[in-house]
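A structural walkthrough
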Amino acid sequence: MKLRHAAALVMVGWYLMIPPGHLASAPAHHKQHPVLEPDPTAPLNGWYPVQSFSTELLCHQGLRDLGAPSTAREHFMKPHRNPGERQFLTRALRSGQCIAADDPRIKGIR
């Protein structure tokens, strides 16, 4: 393997990504407050990168930290003051995935 090819492999990063949302069908009492549900079946090129990591292991650790009550999750949630948005993000993080930055399914999202 040539040195430049090895360097390219090292530069590949990982994205912690969450799915987009869709309006959930809800009982009539929710009509004034629509509920946004994560859609883990959406194509990956529609998902949102939340954070980037240098290795897959660090990405999975980050996903674990953000997916459970932790200091990291509180820091991530701090700018999101809307309760509905916070609830959506909490649910979306449960469906989060670590995806290699060079994965062709996410081409163009960077």
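Values in this document were obtained by computation on a predicted structure and should not be read as measured data. (Residues numbered from 1 in each chain as written. Predicted model: local features only at pLDDT ≥ 70, side-chain atom pairs only at ≥ 80, totals over all residues. Heavy atoms only, no water.)

Comments concerning the state of the cysteines
Within the structure shown, the criterion is met by one disulfide. Between the sulfur of Cys 59 and that of Cys 98 lies a disulfide, 2.2 Å long from S to S. Across the S-S bond of Cys 59 and Cys 98 the torsion is about -100°, and the bridge reads as left-handed. Placement of Cys 59 in helix 2 (residues 56-67) and of Cys 98 in strand 5 (residues 97-100) is noted, with a sequence separation of 39 residues between them. Grouping residues by exposure puts Cys 59 and Cys 98 together as buried. (Disulfide = S-S within 2.5 Å. Helix = DSSP H or I, 4+ residues; strand = E, 2+ residues; numbered from the N terminus. Buried < 20%, exposed > 50% of the residue type's maximum accessible area, 1.4 Å probe, protein only.)

Some details on the side chain of His 80
Tracing the sequence through the fold places His 80 in the loop between helix 3 (71-77) and helix 4 (83-94). Within polar-contact distance, the side chain of His 80 engages the side chain of Glu 85 at 2.6 Å. Ignoring anything within four residues of it in the chain, the contact list for His 80 reads Glu 85, Arg 86 and Leu 89. (Polar contact = N/O pair within 3.5 Å; in protein donor to acceptor, adjacent residues only side chain to side chain. Contact = heavy atoms within 4.5 Å.)

As for the confidence of the model for the protein
For the protein, the average pLDDT comes to 84, and 78% of its residues sit at 70 or higher. Ignoring residues within four places in sequence, the model shows residues 5-10, a span with pLDDT below 50, making two contacts including any to other chains. (pLDDT = per-residue confidence, 0-100.)

Thoughts on helix 2
Given a rise of 1.5 Å per residue, 12 residues ought to cover 16 Å, and the 16 Å separating the end C-alpha atoms of helix 2 matches this to within 8%. By the burial criterion, the buried members of helix 2 are Cys 59, Gly 62, Leu 63 and Leu 66. Seen from one end, helix 2 has its buried residues packed into an arc of 100°, which puts them on one side. Seen from the buried face of helix 2, the exposed residues on the opposite side, beyond 90 degrees, are Leu 57 and Arg 64. Buried positions along helix 2 lie against strand 1 (14-18), strand 4 (48-53), helix 3, helix 4 and strand 5. (Expected span 1.5 Å × (residues − 1). Arc of directions from axis to C-beta.)

Re helix 4
Its 12 residues give helix 4 an end-to-end C-alpha distance of 17 Å, which sits within 8% of 16 Å, the value for a rise of 1.5 Å per residue. Taken residue by residue, helix 4 has Phe 88, Leu 89, Thr 90, Ala 92 and Leu 93 as its buried positions. Buried residues in helix 4 make contact with strand 1, strand 2 (21-23), strand 3 (36-38), helix 2 and helix 3. If you check the start of helix 4, you find a side-chain oxygen 2.7 Å away from the backbone N of Gly 84, and it comes from Asn 82.

Some remarks on the pattern of salt bridges
Throughout the structure, instances matching the rule amount to three salt bridges. A salt bridge links Glu 37 to Arg 91, with the shortest nitrogen-to-oxygen separation between them at 3.4 Å. On the criterion of sequence distance, the pair formed by Glu 37 in strand 3 and Arg 91 in helix 4 is long-range, its members being 54 residues apart. Glu 37 gets classed as partly exposed once you look at its relative accessible area, which sits at 24%. Residue Glu 74 pairs with Arg 86 through a salt bridge whose shortest N-O separation is 3.8 Å. Here Arg 86 lies in helix 4 and Glu 74 lies in helix 3, a separation of 12 residues in the sequence. (Salt bridge = Lys/Arg side-chain N within 4 Å of Asp/Glu carboxyl O.)

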